[in-house]
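Geometric and topological summary
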Amino acid sequence: MTNLEKYVAAFTEGLGVEESVVNSSLEYQSIDEWDSVGHMGLIAELESVFDIEMDTDDIVDFNSFDMGKDILKRYGIEI
């Protein structure tokens, strides 16, 4: 499984959405599932999948599918 596939899967699992919803236009609060509770589920899933622990600032800044890719680069994960 590629890192992109893992990344998309983390969104589907963490937010409980279909894969078709997960794309570069997906942003925090753009769908009902990505609210504050969903956000923490997504972060927990990403941390588990990629075996990392995100800093609080990165968790707060993680506000879109594309921004998440940039944030994960800080942890040595290329999507």
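We now turn to the structure provided with this report.

What counts, and where the lines are drawn
Residues numbered from 1 in each chain as written. Predicted model: local features only at pLDDT ≥ 70, side-chain atom pairs only at ≥ 80, totals over all residues. Heavy atoms only, no water. Axes fitted to C-alpha atoms, helices over the stretch in contact; angles between N-to-C directions. Helix = DSSP H or I, 4+ residues; strand = E, 2+ residues; numbered from the N terminus. Left-handed = near helix turned anticlockwise from the far one by under 90°. Contact = heavy atoms within 4.5 Å. Nonpolar A, V, L, I, M, F, W, Y, C, P; charged D, E, K, R; others polar. Buried < 20%, exposed > 50% of the residue type's maximum accessible area, 1.4 Å probe, protein only. Phe/Tyr/Trp six-rings, centres within 6.5 Å; stacked < 30°, edge-to-face > 60°.

As a packed pair, helix H1 (residues 3-15) and helix H2 (residues 36-50) sit with axes 8 Å apart at the nearest point and diverge in direction by 145°. Note that H1 runs across H2; the crossing there is right-handed. Taken together, the residues of H2 that come into contact with H1 (itself represented by Asn3, Lys6, Tyr7, Ala10, Phe11, Glu13, Gly14 and Leu15) are Gly38, His39, Gly41, Leu42, Glu45, Leu46, Val49 and Phe50. Broken down by class, the residue content of the contact of H1 with H2 amounts to eight nonpolar, five polar and three charged.

Attention now moves to the environment of Ile31. Position of Ile31 relative to the elements: it lies in the loop between H1 and H2. Owing to a relative accessible area of 18%, Ile31 belongs among the buried residues under this scheme. Put simply, Ile31 and Leu15 are 16 residues apart on the chain and 9.8 Å apart in space, counted from C-alpha to C-alpha. Sequence-distant contacts of Ile31, defined by excluding residues within four places in its chain, comprise Leu15, Val17, Val21 and Leu26.

Per the stated rule, a full pass over the model turns up seven aromatic pairs. With centroids separated by 6.1 Å and ring planes inclined at 85°, the aromatic side chains of Tyr28 and Trp34 adopt a geometry described as edge-to-face. Exposure remark for Tyr28: the relative accessible area of 30% places this residue in the partly exposed category. Of the aromatic side chains, those joined through ring pairs into one cluster are Tyr7, Phe11, Tyr28, Trp34, Phe62 and Phe65.

We now examine the side chain of His39. Secondary-structure assignment places His39 in helix H2. Every residue in contact with His39, bar those within four places of it in the chain, is listed here: Leu15, Tyr28, Trp34, Ile59 and Phe62.

By themselves, these figures tell us nothing about what the structure is for.
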